[in-house]
Amino acid sequence: VSSADLISMYLSIELQSFGVYILATLFRDNKLASSAGLKYFLLGCLSSCLILLGAGLVYAFTGLTNFESIYTLVSVSESSQITQGLSLGLIIIFVGFLFKISAAPLHNWAPDVYDESPTIVTIWLTIMPKISILMFLLEIYTQACNPLFGGNLINSSISLSDGSAIINLLGTGELAINTLNILKNLLLISSLLSLIIGTVVGLAQSKIKRLLAYSTISHVGFILLALAINTEQSIDSLIFYVIQYSLTNLNTFLIIIALGYIINNSLPVTNLYKGTERDIKFISEFKGQFFANPLLSICLTICLFSMAGIPPLLGFFSKQFVLYSAIQSGYYFM
């Protein structure tokens, strides 16, 4: 999260991803876990290639990898070519990031991988990799895509007396605004698709982890909406949403693991490394659990209601803040 350079950003994301790929294939004797890990690895490599291609384009056009230097260069640059190359690089990096956080329409891998991985591993897949990537998106989008690139454009145009230089600088500002619009539209389209697909397709699921995967896609839709708006209030709501999502998701998965152990406690475990003997697979397995485990069942219900955004739970307020900032900024369609 504290990376300030394209190279360290890429390396840190890759190191994090490698850890998660290994976790996904931790139970080698389990065919489903191995297939999930392989699927995750191959598609993760594809998104990493996109991020690397975008970073390569940014470096090719600017000759810089440090974030601050890139922002400064573009704020005083008179070359439209530099800004266009940078815009293309940023767009490709953003597509790679959206792939990694399973935002629609790049979401198809997530339900399969989450469902086939052991539940104890799925906790990590749904929470940890997303937090850092969302923070990178926030950093790059709010800094690099500011229409005035950090406000330096106005100061530069005032200090120059040459009219043509002012026109060139303003032209670069226009390109910057175009970049902002393209990225904003990319985030808004992805947000809308994530909200629709995550909510509607989730209704048709019979497996609990596939349901939670589509729930995650829906949550990502809200987070991307807050990011696209890019006001002070929406950024606050984004950070609050990420914290709320992490806590609620963690709680839900831990309760599902606990129920799985209680339900299957009587079954003999022949091989501990298979890893999925005690997993709850289907939603129908929760039938009658309230009478057997009332406390865990009530906790699970509260978590699911919070995810759905029912007041007065935490999930309601996070959704309310995002939608309130969207309406304040005039995004009525969203």
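The structure we're discussing is the one just above.
Calculation criteria
Residues numbered from 1 in each chain as written. Predicted model: local features only at pLDDT ≥ 70, side-chain atom pairs only at ≥ 80, totals over all residues. Heavy atoms only, no water. Core = buried A, V, L, I, M, F, W, Y, C linked by side-chain atoms within 4.5 Å. Buried < 20%, exposed > 50% of the residue type's maximum accessible area, 1.4 Å probe, protein only. Helix = DSSP H or I, 4+ residues; strand = E, 2+ residues; numbered from the N terminus. Contact = heavy atoms within 4.5 Å. Lys, Arg positive; Asp, Glu negative; His and termini not counted. Salt bridge = Lys/Arg side-chain N within 4 Å of Asp/Glu carboxyl O. Axes fitted to C-alpha atoms, helices over the stretch in contact; angles between N-to-C directions. Parallel < 35°, antiparallel > 145°, perpendicular 65-115°, else oblique. Left-handed = near helix turned anticlockwise from the far one by under 90°. Nonpolar A, V, L, I, M, F, W, Y, C, P; charged D, E, K, R; others polar. Phe/Tyr/Trp six-rings, centres within 6.5 Å; stacked < 30°, edge-to-face > 60°.

## Structural notes on the nonpolar core
Thought 1: Judged by nonpolar contacts, the single largest core of 48 residues is most densely connected at Met9, Phe97, Ile101 and Leu224.
Thought 2: At 9 residues, the largest contribution of residues to this core is made by helix 9 (residues 208-229).
Thought 3: Not counting the four nearest positions on each side in its chain, Ile101 is found in contact with Lys130, Ile133, Leu134, Leu137, Val220 and Leu224.
Thought 4: Residues Ile208, Phe253, Ile256 and Cys303 belong to the second largest nonpolar core, which totals 14 residues.

## Digging into the environment of Leu195
Thought 1: Tracing the backbone through its elements, the reader meets Leu195 in helix 8 (residues 163-200).
Thought 2: Sequence spacing of Leu195 and Met334 is 139 residues, and the spatial spacing of their C-alpha atoms is 9.6 Å.
Thought 3: When neighbours within four sequence positions are excluded, Leu195 is seen to be in contact with Ser218, Gly221 and Phe222.

## Remarks on the side chain of Glu14
Thought 1: On the secondary structure map, Glu14 appears in helix 1 (residues 6-24).
Thought 2: Buried within the structure, Glu14 lacks any salt-bridge partner; Lys100 is the closest side chain of opposite charge, at an N-O distance of 4.0 Å.
Thought 3: Aside from chain neighbours lying at most four places away, what touches Glu14 is Ser48 and Lys100.

## Considering the packing of helix 10 (residues 232-263) against helix 13 (residues 314-328)
Thought 1: Taken N-terminus to C-terminus, the directions of helix 10 and helix 13 make an angle of 160°; their axes are 9 Å apart at the nearest point. By the angle between their directions, the pair helix 10 and helix 13 is classed as roughly antiparallel. The element helix 10 and its partner helix 13 pack so that their crossing is left-handed. Contacts from Gln233, Ser234, Ser237, Phe240, Tyr241 and Gln244 of helix 10 reach helix 13 at Leu314, Gly315, Phe317, Ser318, Lys319, Phe321, Val322, Tyr324, Ser325 and Gln328.
Thought 2: Residues belonging to the contact of helix 10 with helix 13 are distributed by class as follows: 7 nonpolar, 8 polar and 1 charged.

## Considerations on the packing of aromatic side chains
Thought 1: Applying the stated criterion across every chain, the model contains 11 aromatic pairs.
Thought 2: With 5.2 Å between their ring centres and 20° between their planes, Tyr40 and Trp109 make a pair best called stacked. Of this pair, Tyr40 sits in helix 2 (residues 31-62) while Trp109 sits in helix 5 (residues 109-116), and the two are 69 residues apart along the sequence.
Thought 3: Taking the relative accessible area as the measure of exposure, Tyr40 reaches 9% and is therefore buried.
Thought 4: The interplanar angle of 0° and the centroid separation of 6.2 Å between the aromatic rings of Phe97 and Phe136 together place this pair among those described as stacked. Highlighted residues: Phe97 in helix 4 (residues 80-100) and Phe136 in helix 6 (residues 119-144), separated in sequence by 39 residues.

## Topic: the packing of helix 5 against helix 9
Geometry of a packed helix pair, given as the angle between the helix axes and the separation of the axes.
Thought 1: At a minimum axis separation of 8 Å, helix 5 and helix 9 run at an interaxial angle of 140°. As far as their axial angle goes, helix 9 and helix 5 are oblique. Helix-helix and strand crossings are classified by hand; for helix 5 and helix 9 the assignment is right-handed. Packed against helix 5, whose contacting residues are Ala110, Pro111, Asp112, Tyr114 and Asp115, the element helix 9 presents Lys209, Arg210, Ala213 and Tyr214 at the interface.

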